[in-house]
Amino acid sequence: MAGTEFGHALGWSRALSGLPAAPLVARYGELVSAQQALGLSHFGELLIPAGGRLRVLDGIFAVEGPGRRRHVGPRTLRALRAARGDAGAGGDAAAAAADALLDRLTAIQEQDPTALRRILLYQLVQLLHDHPRGQVPETATGLGVDPDEAAALVHAAAGSPRLDRAQRAAAEGLEDAWLAGRVRAAARSVAALPRAVAGGDPLLAGRLAELAERVGAADALLDEAREYEDREDQERAAASYGRAARLAWDCPRAVRGLVRTHRPAEGRPGPLEARLVPGGVALRRPPGADPDGTWRVVRLTRREPLTTPLAEVPGPLGPGPLTDLRAPLGREVRYVALPGAGSAGSPDTPGAPLISAPLLVAPEVTELRLADGRARIEASWLRPPGASGVRVSLTGPGGDTTELAASETAGTRAPDSGDTPGATTPQGGAAGSSGVPGGGAETRAGAADGREVVRAERLEPGAYVLRVRCRYRPDGIRGGDEALSPGVEAPVTVHPWPDPVLALAAAARGAGGLEFRWTGAAGADVRLVEWPEPAPAEGAELAACALPPPLPWVDAAGIAEPPPGTLATVSAVAVLGERALAGPGVAVEVPEAVSGLTVRRTAAGRAKISFDWPDGAGRVTVALTPEPGGERTEHPVVRAVFLREGLELPVGPGAVRVTAYAAPRSALATAAAPREAGQAVLAADVSIAYRVLPGPRRMLRRGPTVLRVTVHAPGGEPGPGLPDFVLVAGTGGGARPHRAADGIELCRVTGAELAVSGTVERELVPTAPGGPYAVRGFLLGGRAASVRLDEPSLTSLVVR
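No experiment lies behind these values; they were computed from the predicted model shown. (Residues numbered from 1 in each chain as written. Predicted model: local features only at pLDDT ≥ 70, side-chain atom pairs only at ≥ 80, totals over all residues. Heavy atoms only, no water.)

Draft legend 1. Representation of the overall build of the protein within the structure. A count of helices and strands for the protein gives 13 helices and 47 strands. Counting across all 800 residues of the protein, residues that qualify as buried make up 44%. Partitioning the intrachain contacts of the protein with sequence separation of at least 6 by distance along the chain shows that 64% fall at a separation of at least 24. By element, 52% of the accessible surface of the protein is carried by carbon and sulfur atoms, the whole surface being about 39,900 Å². (Helix = DSSP H or I, 4+ residues; strand = E, 2+ residues; numbered from the N terminus. Buried < 20%, exposed > 50% of the residue type's maximum accessible area, 1.4 Å probe, protein only. Contact = heavy atoms within 4.5 Å. Areas by Shrake-Rupley, 256 points an atom, 1.4 Å probe, with all protein chains shown as cover.)

Rendered as structure tokens:
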């Protein structure tokens, strides 16, 4: 039966005589996390089966039966690990985690045979302290402790110091701080513990004594360095600060004093290289540094209290770069790389510290893009995370600088559906406006795809420089001060742009084709183009090299002869050098021409018109234009009516030009008749009438027969080229002639005679004696095909 005092009859030579107040093992926090992930309240539960018991007074033993117990040492741990087999290899994450924990416990036991018992006792005592019935043996038994030792363990735990959460964190992190050489951090941990905590823990007491000796030595070196500094002996002060930093590299006084008194010496490496990179600060050792050396790096922040613990950059600085991912935004920092110590007990490692130059942690905007437009500049960028805003300035050709817009809140976003581009800053800050030399500026900020945009308008042409600086509100700085990044600058030129085309109109020309007229674009070249879909908006700024080619059927004066079938929206573009402005457009159409057009007069003042109906046309327009000049009339013709009834129109007696073309497809387009449209000229209704008049009676005989030929023409002018009139007598038994060659020519009246006299009379000389014979008149030569012959009744065409 165990006694009531813990450890009164210990049988194992290295067993402790008191309860541990701190685990004093490296990376204890990782061990606790691993066992908690497995649902273990203490790691001893992993060493025994369900319902098993543990003895812990004189070592760790697994009780396997009455009078049987097995000591848990490295061999037992390895056997337990082997018995589990490769459970973790089959994909069971819990089994793999348990195997990893066993491997970790084995390594701890092999390094220090007392460590596992110390850790287990520390965990059991904390569990008893936290339990509401931790003062009764049954609570220890419920934790897996053998009933024979439960009472003694509970009694001893009741007399050990109780630690709150902060004190436990200090006790559990003490060994990590000591082994890493963080002497000041270890001293702060000790200061957080109760004074009597090490009374029953010899190992902890020894560690505290070592720590006190190291702290005392460091403090003495600091006092020595301060005396040298007061005497302005910077070299010796730096040496003392350096030795103090090797003893306690996390000592703010030592490191700051080292930075304050350090002077570059000939033959030593240059300063530690520090530069901003996305997400932090990249550190790289300078040329000439020890190629095999490693350094631990600490960060100093300007304007922070001197008592603030030093911030360590995780990971040693070796041949490759080291990145500080926690550099405070908007603060000025310096980095000190201290030579790594061989061990916690061997701080005097040779080598000089590496100190960087001051660096403002203020990342710049990225992907700055600039574009000039008509009297304006537009800039966009991506703001780095953590920046509270930006400041944008614009320097004009004369050297004057003007502040533009400054967005107010951190981060960037794409615009919501309710945002109005150009109305506010991306994060809600009001848009600003300010004057820029040469014309003034209006600024608008917006966001698209996470980019911030600022625009300066009403600028005169010339060379400008735009500068974007990020604003940061550092934590811990009073008074609302903010830090500004050095800024990113980019040059941009505002080029001259043409004046826009204000209006464009098109009108059909009488001779066919179109005529374009425009206003605006003073001093610019105006090009008439047809845009591929989609067409740019009116006023859009374009590059001249990207314009469509000018329309080939429009000349510089705006006279256009588009080919038949054209239906296009013609747009005017003002061009000046390499820049252009899209202008207004107008729809024009030239319908398809028709073929096979013929016209013939059918009666006085009317004509029959025929043509080949064009494919795909629903209507055809037939236009009549009097010659040589007169008002044009148009007659729409529907296909069904044309095919069923044909087309006959009143044309009047004068000459008429007939034009036919397919009707326009667009009611909104300005239509023009094609120059190659189906055309025919219908001559004036000129007719030649003739009469055969019997001679007057004279006594018992008649006088000679008279031929009267008369010309009828509109306006009394028949025009040149009248045909000759020929009167032919039939032969062969008095048959009436059907052609001029069918008989004997009796009389000929030339066209010239008719054109001069209008009416000509001739006596007919009989061709042969005898009975009556038939005659008939014909037109020959000249305009015979276009002059109508007005014949009398056939019964009157007999010569007796």
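Draft legend 2. Fine view of the nonpolar core. Among the nonpolar cores identified, the biggest contains 79 residues, and Leu 47, Leu 105, Leu 153, Leu 204 and Val 336 are the most heavily contacted of them. Top contributing element to this core by residue count: helix 4 (residues 115–130), with 9 residues. If we ignore the near neighbours within four places in the chain, the residues touching Leu 204 are Ala 21, Ala 22, Leu 24, Arg 118, Leu 174, Val 197 and Ala 198. Counting residues in hydrophobic clusters, the runner-up holds 23 residues, among them Val 686, Leu 707, Leu 746 and Val 760. (Core = buried A, V, L, I, M, F, W, Y, C linked by side-chain atoms within 4.5 Å.)

Draft legend 3. Up close: the pattern of salt bridges. In total, this model carries 46 salt bridges according to the counting rule given. Here Arg 391 and Glu 482 are joined by a salt bridge, their closest N and O atoms 3.0 Å apart. Of this pair, Arg 391 sits in strand 14 (residues 389–395) while Glu 482 sits in the loop between strand 20 (462–472) and strand 21 (483–484), placing them 91 residues apart in sequence. Given a relative accessible area of 36%, Arg 391 falls into the partly exposed group. Here Glu 482 falls in the partly exposed class, since its relative accessible area comes to 28%. A salt bridge links Arg 632 to Glu 634; the nearest nitrogen and oxygen atoms lie 3.4 Å apart. The class of Arg 632 is partly exposed, set by a relative accessible area of 34%. (Salt bridge = Lys/Arg side-chain N within 4 Å of Asp/Glu carboxyl O.)

Draft legend 4. Representation of the side chain of Asp 201 in the model. Mapped onto the secondary structure, Asp 201 falls in the loop between helix 8 (183–192) and helix 9 (202–230). Among the polar contacts listed, one links the side chain of Asp 201 to the backbone nitrogen of Ala 21, at a separation of 2.9 Å. Ignoring sequence-local partners within four residues, the contact set of Asp 201 consists of Leu 19, Pro 20, Ala 21, Ala 22 and Arg 118. (Polar contact = N/O pair within 3.5 Å; in protein donor to acceptor, adjacent residues only side chain to side chain.)

Draft legend 5. Expanded view of the sheet that holds strand 23 (residues 501–508). Strand order in this open sheet of 3 strands is 23-24-27, and the pairing throughout is antiparallel. This sheet does not close on itself; its edge strands, each paired only once, are strand 23 and strand 27 (559–560). Inspection of the sheet shows strand 24 (residues 514–520) paired to strand 27 by 2 bridges, in the antiparallel sense. Residue pairing in the sheet places Glu 515 in a bridge with Ile 559 of strand 27. (Pairing = 2+ DSSP bridges.)

Draft legend 6. Looking closely at the sheet that holds strand 4 (residues 273–277). Taken in spatial order, the 3 strands of this open sheet run 4-5-8, and their pairing is antiparallel. Strand pairing shows two members of the sheet lacking a second neighbour, strand 4 and strand 8 (322–324), which therefore form its edges. Neighbouring strand axes in the sheet, compared pairwise and without regard to direction, differ in orientation by 30° on average. (Axes fitted to C-alpha atoms, helices over the stretch in contact; angles between N-to-C directions.)

Draft legend 7. Main features of unusual backbone geometry. Pro 534 follows Glu 533 through a cis peptide bond whose omega is -10°. Of note, Pro 534 is situated in the loop between strand 25 (525–529) and strand 26 (541–543). Despite not being glycine, Leu 24 shows a phi value in the positive range, around 50°. Note that Leu 24 resides in the segment before helix 1 (28–37). Of note, the phi angle at Glu 367 is positive, near 55°, even though the residue is not glycine. Among the secondary structure elements, Glu 367 is positioned in strand 12 (residues 366–373).

Draft legend 8. View of the packing of aromatic side chains. Using the criterion set out here, one finds 5 aromatic pairs in the structure. When the centroid spacing of 6.0 Å and the interplanar angle of 80° are considered together, the rings of Tyr 28 and Tyr 122 count as edge-to-face. In this pair, Tyr 28 is assigned in helix 1 and Tyr 122 in helix 4, connecting sequence segments 94 residues apart. Tyr 122 carries the same exposure label as Tyr 28, and that label is buried. Here the aromatic rings of Phe 611 and Phe 642 are separated by 4.3 Å at their centres, their planes lie at 15°, and the arrangement is stacked. Taken together, the positions of Phe 611 in strand 31 (residues 606–612) and Phe 642 in helix 12 (residues 639–645) put the pair 31 residues apart, joining distant regions of the chain. Pair check on accessibility: Phe 611 and Phe 642 agree, each one buried. Taken together, the ring pairs in this structure connect Phe 611, Trp 613 and Phe 642 into an aromatic cluster. Just above the ring of Phe 61 sits the side chain of Arg 69; from NZ or CZ to the centre is 4.3 Å. (Phe/Tyr/Trp six-rings, centres within 6.5 Å; stacked < 30°, edge-to-face > 60°. Lys NZ or Arg CZ within 6 Å of the ring centre and 35° of its normal.)

Draft legend 9. Up close: the environment of Ala 503. Mapped onto the elements, Ala 503 comes out in strand 23. Between the C-alpha atoms of Ala 503 and Gly 585, which are 82 residues apart in sequence, the distance is 8.3 Å. Residue contacts for Ala 503: discarding those within four places in its chain leaves Arg 517, Trp 518, Thr 519 and Pro 584.

Draft legend 10. Spatial organisation of the side chain of Arg 214. Mapped onto the elements of the fold, Arg 214 is located in helix 9. Buried within the structure, Arg 214 lacks any salt-bridge partner; Glu 210 is the closest side chain of opposite charge, at an N-O distance of 7.5 Å. At 3.2 Å, the side chain of Arg 214 and the backbone oxygen of Leu 247 are in polar contact. (Lys, Arg positive; Asp, Glu negative; His and termini not counted.)

Draft legend 11. Spotlight on helix 6 (residues 147–159). Residues Glu 149, Ala 150, Ala 152, Leu 153, Val 154, Ala 156 and Ala 157 constitute the buried set of helix 6. Looking at the packing, one finds that the buried side of helix 6 touches strand 1 (53–55), helix 4 and helix 5 (137–142). The N-cap of helix 6, judged by a side-chain oxygen 2.9 Å from the amide nitrogen of Asp 148 a few residues on, is Asp 146.

Draft legend 12. Representation of the packing of helix 2 (residues 74–84) against helix 3 (residues 93–111) within the structure. It is the contact of helix 2 with helix 3, at a shortest axis distance of 9 Å, that shows an interaxial angle of 165°. Classed by the angle they form, the pair helix 2 and helix 3 counts as roughly antiparallel. Where helix 2 crosses over helix 3, the two elements pack in a sense that is left-handed. Contacts from Pro 74, Leu 77, Arg 78, Leu 80, Arg 81 and Arg 84 in helix 2 reach Ala 95, Ala 98, Asp 99, Leu 102, Asp 103, Leu 105, Thr 106, Gln 109 and Glu 110 in helix 3. Looking at the contact of helix 2 with helix 3, its residues break down into 7 nonpolar, 2 polar and 6 charged. (Parallel < 35°, antiparallel > 145°, perpendicular 65-115°, else oblique. Left-handed = near helix turned anticlockwise from the far one by under 90°. Nonpolar A, V, L, I, M, F, W, Y, C, P; charged D, E, K, R; others polar.)

Draft legend 13. A look at the packing of helix 1 against helix 3. One way to put it is that helix 1 packs onto helix 3 with a least axis distance of 10 Å and a crossing angle of 145°. Once helix 1 is placed against helix 3, the crossing between them reads as left-handed. Of helix 3, the residues touching helix 1 (which contributes Glu 30, Leu 31, Ala 34 and Gln 35) are Leu 101, Arg 104, Leu 105 and Ile 108. In terms of residue class, the contact of helix 1 with helix 3 is built from 5 nonpolar, 1 polar and 2 charged.

Any link to function would need more than the numbers given here.
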